[in-house]
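Chain residues, written in single-letter form:
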Amino acid sequence: MSRISIVIPMYNEARHIARTLLAAQRAANAANLACELIVVDNGSQDQGPEIARQFGAQVLVIPGVPIGALRNRGAQVATGEWLAFIDADIEMPEDWLTHLLALETADIADVFGLDLYTPAQAPWYATAWHRRTSLPSRHTVQRVDWLPTANLLMRRHWFDRTGGFNETLRTGEDKDLTLRQTAKGARLLSVNEYTALHWGYEMNWREWMGKELWRQGSLVQLLRTNGLSLRLLRFPMLAVLVWLLDFLAICALATGAPQYALMMGLLTTVPGLVLSLNQSHKHRNPCLTLQLWGLHWVRLHLAGVALILSLCHWKARRPARG
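Residues numbered from 1 in each chain as written. Predicted model: local features only at pLDDT ≥ 70, side-chain atom pairs only at ≥ 80, totals over all residues. Heavy atoms only, no water.

Taking an unreviewed UniProt entry as the reference, the protein chain is identified by name as Glycosyltransferase belonging to Pseudomonas bijieensis.

Student: How should I be thinking about helix 7 (residues 173-183) in this particular structure?
Tutor: Turn by turn, an α-helix covers 3.6 residues, leaving residues three or four places apart pointing in a common direction. For helix 7, the full list of buried residues reads E173, D174, D176, L177, T178, L179 and Q181. Downstream of helix 7 by a residue or two, G185 has a phi angle that is positive, lying close to 105°. (Buried < 20%, exposed > 50% of the residue type's maximum accessible area, 1.4 Å probe, protein only. Helix = DSSP H or I, 4+ residues; strand = E, 2+ residues; numbered from the N terminus.)

Student: How should I be thinking about the environment of N285 in this particular structure?
Tutor: Assignment of secondary structure puts N285 in the loop between helix 12 (269-280) and helix 13 (286-311). Not counting residues within four places of it along the chain, the set of residues in contact with N285 comprises R131 and S280. A polar contact of 3.0 Å, which involves the side chain of N285, links it to the backbone nitrogen of C287. (Contact = heavy atoms within 4.5 Å. Polar contact = N/O pair within 3.5 Å; in protein donor to acceptor, adjacent residues only side chain to side chain.)

Student: I tried to follow the nonpolar core on my own but got confused; where do I start?
Tutor: As a rule of thumb, soluble globular proteins bury nonpolar side chains together. Core analysis: the largest hydrophobic core is formed by 37 residues, its most contacted members being I4, I6, I17, V39, W96 and L97. Among the secondary structure elements, those contributing two or more residues to this core are strand 1 (3-10), helix 1 (17-30), strand 2 (34-41), helix 2 (48-54), strand 4 (82-86), helix 4 (96-105), strand 6 (111-117) and strand 9 (188-198). Setting aside chain neighbours within four positions, we find I17 in contact with I8, M10, V39, G48, I51, A52 and A88. (Core = buried A, V, L, I, M, F, W, Y, C linked by side-chain atoms within 4.5 Å.)

Student: Is there a simple way to explain the pairing of strand 1 in this structure?
Tutor: Consecutive side chains of a regular strand alternate in pointing toward one face of the sheet and then the other. Judged by how many residues are buried, strand 1 sits mostly within the fold: 7 of 8 residues are covered. Judged from the 8 bridges that link them, strand 1 and strand 2 form a sheet pairing that is parallel. Across the sheet, the residue bridging to I8 is V39, located in strand 2. Remark: the strand 1/helix 1/strand 2 crossover connection has right-handed handedness. Bridging between strand 1 and strand 4 involves 4 bridges; their strand directions are parallel. (Pairing = 2+ DSSP bridges. Right-handed = clockwise from strand over helix to strand, strands pointing away.)

Student: I tried to follow the packing of aromatic side chains on my own but got confused; where do I start?
Tutor: Two measures describe an aromatic ring pair: the distance that separates the ring centres and the angle between the ring planes. Tallied over the full model, the rule gives 8 aromatic pairs. Taking 5.2 Å as the distance between ring centres and 85° as the angle between the ring planes, the aromatic pair formed by F85 and F165 counts as edge-to-face. Taken as a pair, F85 in strand 4 and F165 in the loop between helix 6 (156-161) and helix 7 lie far apart in primary sequence, 80 residues in all. With a relative accessible area of 0%, F85 lands in the buried category. Aromatic rings pair up to connect W124, Y125, W129, W205 and W208 into one cluster. The positively charged end of R71 is found above the aromatic ring belonging to F165, 5.6 Å away from the centroid. Its guanidinium or amino end placed over the ring of W129, R132 lies 3.9 Å from that ring's centre, counting from NZ or CZ. (Phe/Tyr/Trp six-rings, centres within 6.5 Å; stacked < 30°, edge-to-face > 60°. Lys NZ or Arg CZ within 6 Å of the ring centre and 35° of its normal.)

Student: Whenever I open this one, the UniProt feature "transmembrane region" (unreviewed entry) in the protein chain confuses me. Can you help?
Tutor: Within this structure's numbering, the places UniProt gives as "transmembrane region" (unreviewed entry) are residues 232-253, 260-277 and 297-314. The annotated region residues 260-277 carries 94% helix and 0% strand content, and the separation between its end C-alpha atoms amounts to 26 Å. (UniProt positions renumbered as here; feature names shortened; annotations may be inferred.)

Student: I keep staring at the packing of helix 5 (residues 124-131) against helix 8 (residues 205-215) and nothing clicks. Help me out?
Tutor: Two quantities define a packed helix pair, namely the angle between the axes and the distance from one axis to the other. Running from N to C, helix 5 and helix 8 point in directions that differ by 35°, and their axes come no closer than 10 Å. Counting all contacts with helix 5, which are made through W124, Y125 and W129, the residues of helix 8 involved are W205, W208, E212 and R215. Here the contact of helix 5 with helix 8 is composed, by residue class, of 5 nonpolar, no polar and 2 charged. (Axes fitted to C-alpha atoms, helices over the stretch in contact; angles between N-to-C directions. Nonpolar A, V, L, I, M, F, W, Y, C, P; charged D, E, K, R; others polar.)

Student: For this particular structure, what's the right way to read the pattern of salt bridges?
Tutor: It is possible for side chains bearing opposite charge to pair when their charged atoms get close. If you walk through the whole model with that rule in mind, you get 13 salt bridges. Of the charged contacts in the structure, one is a salt bridge between E104 and R155, with a shortest N-O distance of 2.9 Å. Here R155 lies in strand 8 (residues 151-155) and E104 lies in helix 4, a separation of 51 residues in the sequence. Residue class for R155 comes out partly exposed when judged on its relative accessible area of 24%. By sharing partners, the salt bridges in this structure join R71, D87 and E173 into a single network. (Salt bridge = Lys/Arg side-chain N within 4 Å of Asp/Glu carboxyl O.)

Student: I keep staring at a nonpolar patch on the surface and nothing clicks. Help me out?
Tutor: On the surface, a nonpolar cluster with roughly 450 Å² of combined accessible area is contributed by Y260, M263, L267, V270 and V274. Among the elements of the structure, helix 11 (258-267) and helix 12 are those that each provide at least two residues to the nonpolar patch. With respect to the element layout, M263 can be found in helix 11. Residue M263 is classed as partly exposed on the basis of its relative accessible area of 40%. (Patch = residues over 30% accessible without salt bridge, like charges linked within 9 Å, V, L, I, M, F, W, Y side chains within 5 Å. Areas by Shrake-Rupley, 256 points an atom, 1.4 Å probe, with all protein chains shown as cover.)

Student: Mind showing me how you'd approach unusual backbone geometry here?
Tutor: Negative phi is the rule for most residues except glycine; trans is the rule for most peptide bonds. For N12, which is not glycine, the phi torsion reads 55° and is therefore positive. Summarising the element assignment, N12 is placed in the loop between strand 1 and helix 1. Since its relative accessible area comes to 29%, N12 is described here as partly exposed. Positive phi values are uncommon outside glycine, yet N32 reaches one of about 60°. Checked against the element boundaries, N32 lands in the loop between helix 1 and strand 2.

Laid out in structure tokens, this is it:
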């Protein structure tokens, strides 16, 4: 019987960890895999570690390190030929491993991730934000250059070949790892035929904006690690453009030219519209397009703030999870 090691980083996830572990074990049983559950705790102050132990997980307590280091520590003690990473608030479907292992056996791809959906009670902005990166239901698979680590599956050698996660990154470590795997020849596949549920969705606007400010905090480090590329430069360049237009709008108001200020203000919405259309056209949903337009406008402004903070070596704090 093949063996899979499932590494789950955790910090104050007592509300979700039992569901996550049960779903992961159920998926391994359905795929006829021996399962090793490894929870790497970042110094939780709730009952998460105790709950994880009750559900059969090996718990490593490693406080005060970035999430990439947590995942690396879990991988170091893992013994399976298969290695999976999932977040502590993700509920995987029962056929998760059965389906993806069949794709790997058919030599379709090497590294896999499922699309994420939110529960029905999630607010509209959390749902729309997840849908921006998901495939429409009529498409089941898509070859990609990088995958997030909310859920990630690979044979162990693809992790070892790239040296694991970059432990200097506070965020963006998933993009960094999988971009390096792509450079090493790995074929990455995003799958929508089966989907995972994200229970740690953003419950309010403050949390959503705080997470986006934190997520953009490693842009400068990613560029230093992976080199200058249009793929990585595109979004920060758009953020700088939006901030420049904001500055011109303020100057126009200060000099008594409100018509030019209005024009500059309208131009700040164009990058967000382009991003929204690019991500939503495949869904053919005008409501989603409008929702993403507004969210991208806010996100571009937050990215500008994060870029300035990074250049000044200031770090935005990660808000509490939903």
